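Residues per chain are reported as follows:
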Amino acid sequence: MKSFFFTLLLFGLMLSAIWLNAVYLDRLTAEMLITLDSLPDGTTSAAIPRAEKLYLQWQKARDRVALSVCRTKIDRIDDALAALRVYFEQRKTADYLAAREALRICILDLREDGFSPK
């Protein structure tokens, strides 16, 4: 009987960890999408703080996300962020907008890894 309760407790802890991870991924991706949506449609200097905020959000959360998300999705977000920054710095508006949409798709793909807790 003790082993049954221990197994039940362990099962509950695992379910809690899965749910908390899904909530964390949902919150992180929602914040990143809000920051991404606040970026302007052009490569104006007003976008620099917002683009840097997006990059810092990802760098801060990257190691925690790596615990539960496959490496290819993390690399895709890294690549999309790098492309966004490069095209922004080079003032290539069309490429910048394409990179911004590619990053949006990568973030939405990351969001799908967790179930929607809402």
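Shown above is the structure to which this text applies.
Quantities reported herein were computed from a predicted structural model and do not represent experimental measurements.

A.B. asks: Explain a nonpolar patch on the surface here, please?
C.D. replies: A grouping of Phe6, Leu9, Leu10, Leu13 and Met14 is seen on the molecular surface, where their side chains present a nonpolar patch of about 540 Å² in accessible area. Relative to the assigned elements, Met14 resides in helix α1 (residues 2-37).

A.B. asks: In this structure, what is going on with helix α3 (residues 71-89)? I would like to understand it.
C.D. replies: Working note: α-helix, 3.6 residues per turn, so residues spaced by three or four point in the same direction. Between its terminal C-alpha atoms α3 stretches 27 Å, which fits the 27 Å expected from 19 residues at 1.5 Å a residue. Restricting attention to buried positions, one finds in α3 the residues Lys73, Ile74, Ile77, Asp78, Ala80, Leu81, Leu84 and Phe88. In a view along the axis of α3, the buried residues occupy a sector of 165°, so they form one face of it. Along α3, exposed side chains directed more than 90 degrees from the buried face belong to Thr72, Asp79 and Glu89. Where α3 is buried, its residues touch α2 (48-65) and α4 (93-113). Backbone geometry just downstream of α3 places Arg91 in the positive-phi region, at approximately 60°.

Rules of the game
Residues numbered from 1 in each chain as written. Predicted model: local features only at pLDDT ≥ 70, side-chain atom pairs only at ≥ 80, totals over all residues. Heavy atoms only, no water. Patch = residues over 30% accessible without salt bridge, like charges linked within 9 Å, V, L, I, M, F, W, Y side chains within 5 Å. Areas by Shrake-Rupley, 256 points an atom, 1.4 Å probe, with all protein chains shown as cover. Salt bridge = Lys/Arg side-chain N within 4 Å of Asp/Glu carboxyl O. Helix = DSSP H or I, 4+ residues; strand = E, 2+ residues; numbered from the N terminus. Expected span 1.5 Å × (residues − 1). Buried < 20%, exposed > 50% of the residue type's maximum accessible area, 1.4 Å probe, protein only. Arc of directions from axis to C-beta. Contact = heavy atoms within 4.5 Å.

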